[in-house]
Amino acid sequence: MKEIRKVTIAGAGTMGHSMAQIFARYGYAVTLYNHRQPTLDKAKEKIRENTDVLAAEGEITPAEAEALKGRITYTTSPDCFGTCDLVVENIKEDKAAKSGFYKEISPLVPADVIIATNTSGLSINGLAASVDHPERFLGMHWFNPPHIIPLIEIIRGDATTDEAAQKIYQLALALHKKPVLVNKDVLGFAANRIQLAVLREALYLVDQGVVSEKGIDDLMKYGIGFRWACLGPLEVTDFGGIDTFYHIAEYLMPDLCASKEIPRELARHYEAGEYGVKTGKGFHDYSGGKAQEATAERDRRLVALYRAFYKE
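Think of each chain on its own: its residues are numbered from 1, step by step along the sequence as written. In view of the model being predicted, local features appear only for residues whose pLDDT reaches at least 70, and side-chain atom pairs are presented and counted only at 80 or more, with totals across whole chains, interfaces and linings using the full set of residues. Each side-chain value is derived from all of the structure's non-hydrogen atoms; neither hydrogens nor water enter the calculation.

## A closer look at the overall build of the chain
We apply this condition: Every helix listed is a DSSP run of H or I at least four residues long, and every strand listed is a run of E at least two residues long, numbered separately from the N terminus. Summary of the burial criterion: residues with accessible area below 20% of their type's maximum are buried, those above 50% are exposed, and those between are partly exposed, where the area comes from a 1.4 Å probe applied to protein chains only. We call two residues in contact when some of their heavy atoms are within 4.5 Å. Per-residue accessibility takes into account occlusion by the displayed protein chains alone, with areas from the Shrake-Rupley method and a 1.4 Å probe. The charged-residue count follows a simple rule in which Lys and Arg add positive charge and Asp and Glu add negative charge, with His and chain termini not counted at all. Lys charges are placed at NZ, Arg charges at CZ, Asp charges at CG and Glu charges at CD.
On a plain count of helices and strands, the chain comes out with 12 helices and eight strands. In terms of overall dimensions, the chain has C-alpha extents of about 60 × 45 × 40 Å along its principal axes. The buried share among the 312 residues of the chain stands at 36%. A separation of at least 24 residues holds for 66% of the contacts in the chain among residues at least 6 apart in sequence. Within the structure as shown, the chain displays about 17300 Å² of accessible surface, and the carbon and sulfur contribution to it stands at 56%. Charged side chains in the chain number 37 positive and 42 negative. The centres of these two groups are separated by 3 Å.

## Quick word on the side chain of T8
Position of T8 relative to the elements: it lies in strand β1 (residues 6-10). Under the relative-accessibility criterion, T8 is labelled buried at 1%. Excluding residues within four positions of it along the chain, T8 makes contact with T31, Y33, C80, F81, C84, L86, V87 and V88.

## Notes on the packing of helix α2 (residues 37-56) against helix α3 (residues 62-70)
Each packed pair of helices is defined by two parameters, the angle between the axes and the distance between the axes. What counts, and what does not: Axis angles are defined between N-to-C directions and span 0 to 180 degrees, where every axis is a line fitted to C-alpha atoms and, for a helix, only to the segment in contact. In these notes the angle categories are as follows: under 35 degrees is roughly parallel, over 145 is roughly antiparallel, 65 to 115 is roughly perpendicular, and the rest is oblique. Crossing handedness follows the turn of the near helix against the far one: under a right angle anticlockwise gives a left-handed crossing, and clockwise gives a right-handed one. Basically, the charged four are Asp, Glu, Lys and Arg, the nonpolar ten are Ala, Val, Leu, Ile, Met, Phe, Trp, Tyr, Cys and Pro, and anything else, Gly included, counts as polar.
Between α2 and α3, the least distance of the axes is 9 Å, while the angle of their chain directions is 160°. Classed by the angle they form, the pair α2 and α3 counts as roughly antiparallel. Two packed elements cross with a definite hand, and for α2 against α3 that hand is right-handed. Here I47, R48, T51, D52 and A55 of α2 lie close against α3, whose contacting residues are P62, A65, L68 and K69. When the residues that make up the contact of α2 with α3 are grouped by side-chain class, the tally is five nonpolar, one polar and three charged.

Structure below.
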């Protein structure tokens, strides 16, 4: 496998432009590819804004900010896939679209270049079927907003080589991320399976009138999530006592929600076209400029948490 110095990111939306900024910040030459020029123009402006904020906050110097911007090239030409050391695909979360994209570009990508997908949960094995040399294909799952959230899941397919998996693991460390290797290709990988299991029980409690929507969020923010920010669930169990959790599990596991259906409260908002921040209404109200305020407050809190735990 080639040494990774030149990275092509396919897809310049919310995740793609943020990933391009991260790679460039740590010295990689980045080509940001998108088939629509207006999307690239928006990405370039967003990267400029974000980089200026980093400089204004003292995270990087003005000279480093200019160097960062200079490391990113923007293109609509697929020729970029033939001259890179790594491809990170970040197009829309649709299997047919991703498979079609791989069939188009993987013959252009040299056989010793890793192709990674930022899918949130589509089967790596299923996508690998459309990739030439599937042994160099794997998942590299970033979390939104990627310029703040430290976790990256690295998901192996059945054909993925140890070399490819370890190379992306080490790359994530070089980006100052916290990688986790997922050794088997399961739907949702690890993080989203846990997240959806928690969401299922949370929405069940709301649906049953046990606690309000705001109450559920407060339970997580000020209790469970607060503790999970510094201790994983198995560490929490160790500190609480495995014997204690064993006895709780005896009576509580049979009573937990075990539905295989989409949670009723989730379906209700979806069917009403209430998608959350993007539409101005979801479980909470984001109308009248509240969405921008909520996003800024989210990022402020996440940055404060990151600095508290991981700032060097």
